[in-house]
Amino acid sequence: MDTKLIFKALSNETRVQILDWLKSPDVHFGPQISLPHDADFKGGICVGSIQEKTGLAQSVISSYLMLMKNAGLLESRRFGQWTYYRRNEENIGKFTDYINNHL
């Protein structure tokens, strides 16, 4: 776990907001119609849906999501031409434990 990269990812208000939205994707995003029904990626949200909600350029959102993925906060999966992201709860839990034990 690269804690410095996680702190960097969390240093931006929009990235923190995205993590919060992805905690309850059904509440914050509409149905993901391009996600196959048999896909084993519950809670996955398309980059376009995240971009639309933030109002920022897709290139900005893509770079934010990649940083968060590289930090271990998100995981992604591609279905056809669409990429979906969701929270990496296992790594978020490890980071929470780190915070609780080291700070």
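Residues numbered from 1 in each chain as written. Predicted model: local features only at pLDDT ≥ 70, side-chain atom pairs only at ≥ 80, totals over all residues. Heavy atoms only, no water.

Q: Explain the overall build of the protein to me, please; I cannot follow it from the model alone.
A: Looking only at helices and strands, one finds six helices and three strands in the protein. Beginning at the N terminus, the succession of helices and strands in the protein can be written as α-α-α-β-α-α-β-β-α. What you see for the protein is a C-alpha radius of gyration of 14 Å, in line with the 13 Å of a compact globule of 103 residues. Expressed as lengths along the three principal axes of its C-alpha atoms, the size of the protein is roughly 40 × 30 × 25 Å. Per-residue burial for the protein yields a buried fraction of 37% across its 103 residues. Put simply, 57% of the contacts in the protein that link residues at least 6 apart link residues at least 24 apart. (Helix = DSSP H or I, 4+ residues; strand = E, 2+ residues; numbered from the N terminus. Rg over C-alpha atoms; globule rule 2.2 N^0.38 Å. Buried < 20%, exposed > 50% of the residue type's maximum accessible area, 1.4 Å probe, protein only. Contact = heavy atoms within 4.5 Å.)

Q: What is the right way to look at the layout of surface pockets in this model?
A: Over the atoms, a rolling probe the size of a water molecule traces out where space has been left empty. Each pocket or cavity is described by its volume, and for the largest pocket that value is around 400 Å³. Surrounding the largest pocket, 20 residues form its lining, Asp26, Leu35, Lys42, Gly43 and Gly44 being those nearest its centre. At the level of secondary structure, the elements contributing two or more residues to the lining of the largest pocket comprise helix H3 (25-28) and strand S3 (82-87). Of the residues contributing to the lining of the largest pocket, the split by class is 10 nonpolar, five polar and five charged. (1 Å grid on protein atoms, 1.4 Å probe; cavity = no way out; pocket = protein on both sides within 12 Å on 5 of 7 lines; lining within 4 Å. Points joined across faces, edges and corners; volume = space filled by probe spheres on them. Nonpolar A, V, L, I, M, F, W, Y, C, P; charged D, E, K, R; others polar.)

Q: What am I meant to see in the UniProt feature "domain: HTH arsR-type" (unreviewed entry) in the protein here?
A: Mapped onto the present numbering, the UniProt feature "domain: HTH arsR-type" (unreviewed entry) falls at residues 1-103. As annotated, residues 1-103 has a helix share of 55% and a strand share of 14%, and its two end C-alpha atoms lie 16 Å apart. (UniProt positions renumbered as here; feature names shortened; annotations may be inferred.)

Q: Would you mind going over the pattern of salt bridges with me for this structure?
A: Two side chains of opposite charge can pair, provided their charged atoms sit close to one another. Tallying each qualifying case throughout the model produces three salt bridges. For the salt bridge of Glu75 with Arg86, the shortest nitrogen-to-oxygen distance reads 2.6 Å. Here Arg86 lies in strand S3 and Glu75 lies in strand S2 (residues 74-79), a separation of 11 residues in the sequence. What makes Glu75 partly exposed here is its relative accessible area of 26%. Residue class for Arg86 comes out buried when judged on its relative accessible area of 19%. Arg87 is the salt-bridge partner of Glu89, the closest N and O atoms lying 2.6 Å from each other. Judged by its relative accessible area of 45%, Glu89 is partly exposed. (Salt bridge = Lys/Arg side-chain N within 4 Å of Asp/Glu carboxyl O.)

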